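One letter stands for each residue in the lines below.
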Amino acid sequence: MNAEGIYDAVVIGAGVVGASSAWHLAQAGLSVALVDAEGPAAAASGASDGAVSVASKKPGPLARLATASLLYTRDLAQGGPLSSAYHPRPSYIFGTGSAESAAIDALIAKLAQLGTAVRLRADGDATLLPGVGTGIDRVVALEGEGHMPGYAAVQGYLREPRIDRFWPAPVTALEESGSEVRIVLGTQTLRAKRVIAALGTATPRLFPTLPVLPRAGQLFVTDRGLAGQLPGALTSAAYLLAKTTAPSVLPKPPVVIDPLATGQYLIGSTREDHGDPTRVDFETLRELMLRAVEAWPALRARRVIRAFAGVRAAVSDGLPIVGSAPGYERVLLATGFEGDGICLSAVIGREAARMTAGLSPDAALAADFAALSPARFAQVQEGAA
Ligand SMILES: Cc1cc2nc3c(=O)[nH]c(=O)nc-3n(C[C@H](O)[C@H](O)[C@H](O)COP(=O)(O)OP(=O)(O)OC[C@H]3O[C@@H](n4cnc5c(N)ncnc54)[C@H](O)[C@@H]3O)c2cc1C
């Protein structure tokens, strides 16, 4: 901070988006503080899967930003902050029945439009992936994607010593006046020229007009017995549909089976419209387990050692929110990443830092960032008035 005690930027929220933003600000030579109500990766970033997946993104801005973020994540993993967090691995999408097969066709068409970052390696029946369940009609193999646990990415970014840290420190108010923002943390107040608010599901507490809603997801973890058998993530095509379709009309419960670097399997995750991270129930896990065993029968012999839930920050129109906060000139929001925030975090942190430094987003991504602007909600409200 400068001699008057003012930071160039304060980032609120030490999830993967806030940590990436703080790291990028520090790289740009700005003085930066990172504040969290609890601690690093305390919310969604510490209770999620970590698929860095383009395949699962809705076509349009999300798919294009995910492609850019995947490429950039790979760069940051080459000796950079994500070198021990990101692991490349193949991915497989499987489907049974016409609705899932149609979702796979749409996926192939989408990937063809997105360039070569993620390539279709093969499209066939269950024999394409030895070990996959015999009831599966179709499997496609993709290359180019990877896995990155959110907490590991946060740890990687926080190795940067130039980030000042404040936690546990819940921000209770933001007061903007003239050329600075005062960030009130209980009895302490920080001062900054700019703020990035990466608050996840807590966004409406400081920005009540924004339609950010909690969406829970349950997951479970197996023991280490299947190490090396499944070469990459195995995702049901129903999971692709779940990003655009109400859960009640899905043909099958969506499931992702992710082999971890530890030799364990992380299997999830549901999409439930509530914000309770403690709701982990037999009925829901049973459905997930049945679908997982149908897809990868060897799982039947494994032990479940842990089940948990995380809560995603969903936005009413299905797009994240990145841009100037309503009512503020010096506060940038980066929130509402639902089930995509780990994948998007590298590029969002880089561009949030650019915008905070007074620069425009990367020209190739400018239109996609414009689609994420919080101003879209002001337009809706004015239109309704
Ligand atoms: C079950 C599940 C599975 C998922 N799977 C994937 C996946 O495979 N791939 C993927 O890309 N994404 C996945 N996601 C989504 C991903 O986890 C999130 O999009 C991402 O972690 C969001 O990061 P964030 O930094 O925006 O928010 P968070 O990680 O939620 O961080 C917000 C931080 O803000 C802090 N905070 C809140 N209020 C205050 C306050 N007043 N003052 C100070 N600090 C505050 C919190 O303590 C928290 O640490 C999944 C999520 C879930 C729940």
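Rules and cut-offs
- Residues numbered from 1 in each chain as written.
- Predicted model: local features only at pLDDT ≥ 70, side-chain atom pairs only at ≥ 80, totals over all residues.
- Heavy atoms only, no water.
- Axes fitted to C-alpha atoms, helices over the stretch in contact; angles between N-to-C directions.
- Helix = DSSP H or I, 4+ residues; strand = E, 2+ residues; numbered from the N terminus.
- Parallel < 35°, antiparallel > 145°, perpendicular 65-115°, else oblique.
- Left-handed = near helix turned anticlockwise from the far one by under 90°.
- Contact = heavy atoms within 4.5 Å.
- Salt bridge = Lys/Arg side-chain N within 4 Å of Asp/Glu carboxyl O.
- Buried < 20%, exposed > 50% of the residue type's maximum accessible area, 1.4 Å probe, protein only.
- Near = heavy atom within 4 Å.
- Polar contact = N/O pair within 3.5 Å; in protein donor to acceptor, adjacent residues only side chain to side chain.
- Areas by Shrake-Rupley, 256 points an atom, 1.4 Å probe, with all protein chains shown as cover.
- Nonpolar A, V, L, I, M, F, W, Y, C, P; charged D, E, K, R; others polar.
- Domains from an automatic or database assignment.

For the protein, an unreviewed UniProt entry supplies the name FAD-binding oxidoreductase and the organism Rhodobacter flavimaris.

Peer 1: Is there a simple way to explain the packing of helix H1 (residues 16-27) against helix H4 (residues 150-157) in this structure?
Peer 2: Packed helices, taken two at a time, are described by the angle between their axes plus the distance between the axes. Orientation of H1 relative to H4, taken along the N-to-C sense of each, is 20 degrees, at an axis distance of 9 Å. Of the possible angle classes, the one that applies to H1 and H4 is roughly parallel. Pair H1 / H4 crosses with left-handed handedness. Residue-level inspection shows Val16, Ala19, Ser20 and Trp23 of H1 in contact with H4, the latter providing Gly150, Ala153, Val154 and Tyr157.

Peer 1: Would you mind going over the pattern of salt bridges with me for this structure?
Peer 2: Two side chains of opposite charge can pair, provided their charged atoms sit close to one another. Inspection of the entire model under this criterion finds 23 salt bridges. Salt-bridge contacts for aspartate 362 lead to arginine 350; the nearest nitrogen and oxygen are separated by 3.7 Å. Highlighted residues: aspartate 362 in the loop between helix H8 (341-356) and helix H9 (366-371) and arginine 350 in helix H8, separated in sequence by twelve residues. Owing to a relative accessible area of 29%, aspartate 362 belongs among the partly exposed residues under this scheme. Ionic pairing is found between arginine 354 and glutamate 351, a salt bridge with its closest N-O pair at 3.5 Å. Of this pair, arginine 354 and glutamate 351 both sit in helix H8, three residues apart, which is roughly one turn of the helix. Look at arginine 354 and you get partly exposed, because its relative accessible area is 31%. Members of the salt-bridge network, linked through shared partners, are Arg215, Arg271, Asp273 and Glu338.

Peer 1: Any chance you could explain the site of the ligand here in plain terms?
Peer 2: Of all residues adjacent to the ligand, which total 37 residues, the nearest are Asp36, Ser45, Val171, Glu338 and Cys343. For the ligand, an oxygen atom lies 3.3 Å from a polar atom in the backbone of aspartate 340. Burial of the ligand by the protein chains amounts to 95% of its free accessible area of 1000 Å². Those elements that provide at least two residues to the shell around the ligand are H1, strand S13 (212-222), strand S17 (304-315) and H8. Class assignment of the residues belonging to the shell around the ligand gives a composition of 20 nonpolar, twelve polar and five charged. For the shell around the ligand, the domains that each give at least three residues are domain 1 (6-45 + 152-211 + 317-384) and domain 2 (90-144 + 212-315).

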